[in-house]
Amino acid sequence: MMETIHHWIDLILHADTFLPKLIAEYQGWIYLILFAIIFCETGLVVTPFLPGDSLLFAAGAIAGSQGSLNIYTLLLLVFVAVFAGDNSNYFIGRYIGPKIFNLNLRFIRKDYLIKTHSFYEKYGGRVLIMARFMPIIRTFAPFVAGVGSMRYTRFLSFSVLGNILWINICLWAGYLLGTNEFVKTHFTVVTLIIIAVSLVPAMFGALKGLLRSQRS
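Counting from 1, residues in each chain are numbered in the order their sequence is written. Reporting of local features is limited, given that this is a predicted model, to residues whose pLDDT is at least 70; pairs of side-chain atoms are given and counted only at 80 or more, and all residues count toward the totals for whole chains, interfaces and linings. Each side-chain value is worked out from all heavy atoms of the structure, with water and hydrogens disregarded.

## With respect to unusual backbone geometry
The backbone of Gln-27 shows a phi angle near 50°, a positive value even though the residue is not glycine. Tracing the chain through its elements places Gln-27 in the loop between α2 (15–26) and α3 (30–43). Classification of residues uses two cut-offs on accessible area relative to the type maximum, computed with a 1.4 Å probe and protein chains only: under 20% is buried, over 50% is exposed, and between them is partly exposed. We classify Gln-27 as exposed; its relative accessible area is 58%. Counting from the N terminus, the helices are the DSSP runs of H or I reaching at least four residues and the strands are the DSSP runs of E reaching at least two.

Below you can see the structure in the form of structure tokens.
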């Protein structure tokens, strides 16, 4: 179990070394592999640990510096993967979500579901945009929207907007910064900064909740 966790942490922090190896081994099939990873990270509540931000940043960096990936193909491919993942997660939540909330399943962290639900109560549909930039929570956001029976057209509009912003920011940031020497030699540091920045809204919300509970 610990070995598996270590493997995924290593993949997230060193996507810049893992991705070129996959490209060299699978060549054109790499697009299908990237599609599968992004779809699962977005569409399945059992795989929130898969890389998202760092993978897109690394893919953009490789497209910009090495040319072995096409940035426009990535933009389209990732959008389709995220759109499909969000929608499947939403409808899974809508039809079987209430049962999962009442079960104690080891592979689904109920505390993550509850935390995401509290975000919805506070911010409404905007959560789908905010959550797209927050690891783990973005995996549960469409699912909880389905459980809460959010109107599909409302869900779709916020989901698409959040997806377009997230995909373009991550891929183009990698594409434009991928040739920078500091980024190339300190990719792990850059990845940790990206993760830390993406977690700021969640930490800020948790801190506000803690201070509010202490005052009451």
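Read on, since the account is not over.
## Some points on the packing of aromatic side chains
Under the pairing criterion, centres of Phe, Tyr and Trp rings, with the six-membered ring standing for Trp, must be within 6.5 Å; the plane angle then separates stacked pairs below 30 degrees from edge-to-face pairs above 60, leaving the rest tilted. Evaluation of the coordinates by the stated rule reveals 10 aromatic pairs. Between Tyr-90 and Phe-155, the ring centres sit 4.4 Å apart and the planes meet at 20°, which makes this aromatic pair stacked. Placement of Tyr-90 in helix α5 (residues 71–101) and of Phe-155 in helix α9 (residues 152–177) is noted, with a sequence separation of 65 residues between them. The pair Tyr-90 / Phe-155 is uniform in exposure class, with both members buried. Aromatic side chains Tyr-152 and Phe-155 sit 6.1 Å apart centroid to centroid with 35° between the ring planes, which places their arrangement in the tilted category. Of this pair, Tyr-152 and Phe-155 are both found in helix α9, three residues apart, which corresponds to roughly one turn of the helix. Among the aromatic residues, those joined into a ring-pair cluster are Tyr-90, Phe-91, Tyr-95, Tyr-152 and Phe-155. Lysine NZ or arginine CZ positioned within 6 Å of the ring centre and within 35 degrees of the ring normal marks a charge as sitting over the ring. Against the face of Trp-166 rests Arg-132, its NZ or CZ located 4.8 Å from the ring centre.

## Some thoughts on the packing of helix α4 (residues 53–65) against α9
Here an axis means a line fitted to C-alpha atoms, over the contact stretch when the element is a helix, while the angle between two N-to-C directions is reported on a 0 to 180 degree scale. In the contact formed by α4 and α9, the axes pass within 6 Å of each other and the chain directions differ by 45°. The orientation of α4 relative to α9 falls into the category oblique. Regarding α4 and α9, the two cross each other, and that crossing is right-handed. Facing α4, whose interface residues are Asp-53, Leu-56, Phe-57, Ala-59, Gly-60, Ala-61, Ala-63 and Gly-64, α9 presents Trp-166, Ile-167, Cys-170, Leu-171, Ala-173, Gly-174, Tyr-175 and Leu-177. The scheme is simple: roughly parallel for angles under 35 degrees, roughly antiparallel for over 145, roughly perpendicular for 65 to 115, oblique for anything else. Handedness of each helix crossing follows the sense of rotation of the near helix against the far helix: counterclockwise by less than a right angle gives left-handed, clockwise gives right-handed. Here, residues are in contact when the closest pair of their heavy atoms is within 4.5 Å.

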